[in-house]
Amino acid sequence: MKTFLSLLTSIFFSFLQSQELKDFTIPKGYEKILETKGDLDKDGKDEAVIVFNTDKKTKSEELERKFYILKKVNGRLKIWKENSNLIFDSKEGFYPEENQLELSIKNNCLVIFQSYFSNSRHTVTSKNTYRFQNGDFYLIGALVQFDDTCEFNFSDEINFSTGKVIVSEEYSDCDDGSNRKIPENYYKEFTYKLPKLIKMNEYKMGKNEIKIPNSTKSFNF
């Protein structure tokens, strides 16, 4: 019964929003770089999610990227949601040509996967999952990885629906002739509950901290 009511609520909010949505046309100067489709509000109809290089430049002279979530209403594409803060810029990192950006819709959730080199040895990876509920999109899962080419691999993951957190730090020998002491691997699982879920358009990547119980460690997502 609870699932049925949740479905009705989602469809109701979706219907109300569809009456107010603006028509979508590709802005002049925008270049489409990625698109995926899938049902995000469980109404049996696919939405489209499209990422663009915009004509706006950041302070570092990179092109700002923006994505739109579009609904088809009476044969016309409508802007359901738009965001320019959650996709890395066009030339983020040390080797922009090696950057990865993937979008997918799984289990009615939008998954955004991104990866870039922060310098010649370090790779930063993020995978964030958003679900439409209570009339908006909310962050329900976050994965952050920080990897060195040979010295370490760090991974922090949280599922906000279950509260499960997994923290992993793995270290190895770079075989570079140095006599450095290799730290011990670290692994911990615990439960963390947010006071309230974070709305997609209010989420600031890397600005949210979780303290790891019985430890001086923490991680940001």
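Owing to the predicted nature of the structure, the values given are computational and were not obtained by experimental measurement. (Residues numbered from 1 in each chain as written. Predicted model: local features only at pLDDT ≥ 70, side-chain atom pairs only at ≥ 80, totals over all residues. Heavy atoms only, no water.)

**Q** When you look at the overall build of the protein chain in this model, what are you seeing that I'm missing?
**A** In terms of regular secondary structure, the protein chain is built from one helix and 15 strands. Counting only C-alpha atoms, the protein chain reaches 70 × 45 × 25 Å along its principal axes. Classification of the 221 residues of the protein chain by burial places 41% in the buried group. In the protein chain, of all internal contacts separated by at least 6 residues, the share reaching a separation of at least 24 is 42%. (Helix = DSSP H or I, 4+ residues; strand = E, 2+ residues; numbered from the N terminus. Buried < 20%, exposed > 50% of the residue type's maximum accessible area, 1.4 Å probe, protein only. Contact = heavy atoms within 4.5 Å.)

**Q** Teacher, can you tell me more about the confidence of the model for the protein chain here?
**A** Should the pLDDT be low somewhere, the predicted coordinates at that spot are not to be read in detail. Per-residue confidence for the protein chain gives a mean pLDDT of 91; residues scoring 70 or more make up 91%. When mean pLDDT is taken per element in the protein chain, strand E13 (residues 198-199) scores highest with 98 and helix H1 (residues 2-18) scores lowest with 54. (pLDDT = per-residue confidence, 0-100.)

**Q** What's the story with unusual backbone geometry in this structure? I'm lost.
**A** What is expected of a backbone is that most residues other than glycine have negative phi and most peptide bonds are trans. In the Ramachandran plot, Asn-74 falls in the positive-phi region, its phi being about 50° despite a non-glycine side chain. Owing to a relative accessible area of 77%, Asn-74 belongs among the exposed residues under this scheme. With a phi angle near 65°, Asn-108 is a residue other than glycine that sits in the positive phi range.

**Q** Help me understand the packing of aromatic side chains, please; the structure alone is not making it clear to me.
**A** Evaluation of the coordinates by the stated rule reveals 16 aromatic pairs. Centre to centre, the rings of Tyr-95 and Phe-117 are 5.3 Å apart; their planes meet at 80°, and the pair counts as edge-to-face. Here Tyr-95 is found in the loop between strand E5 (76-83) and strand E6 (100-106), whereas its partner Phe-117 is found in strand E7 (residues 109-117), with 22 residues between them in sequence. Under the relative-accessibility criterion, Tyr-95 is labelled partly exposed at 29%. Classification of Phe-117 by relative accessible area gives partly exposed; the value is 21%. When the centroid spacing of 6.5 Å and the interplanar angle of 50° are considered together, the rings of Phe-146 and Phe-154 count as tilted. The class of Phe-146 is partly exposed, set by a relative accessible area of 29%. Through a chain of ring-to-ring contacts, the aromatic side chains of Phe-24, Tyr-30, Phe-52 and Tyr-68 assemble into a single cluster. Note that Lys-71 overlies the ring of Trp-80, its terminal NZ or CZ placed 4.5 Å from the centroid. (Phe/Tyr/Trp six-rings, centres within 6.5 Å; stacked < 30°, edge-to-face > 60°. Lys NZ or Arg CZ within 6 Å of the ring centre and 35° of its normal.)

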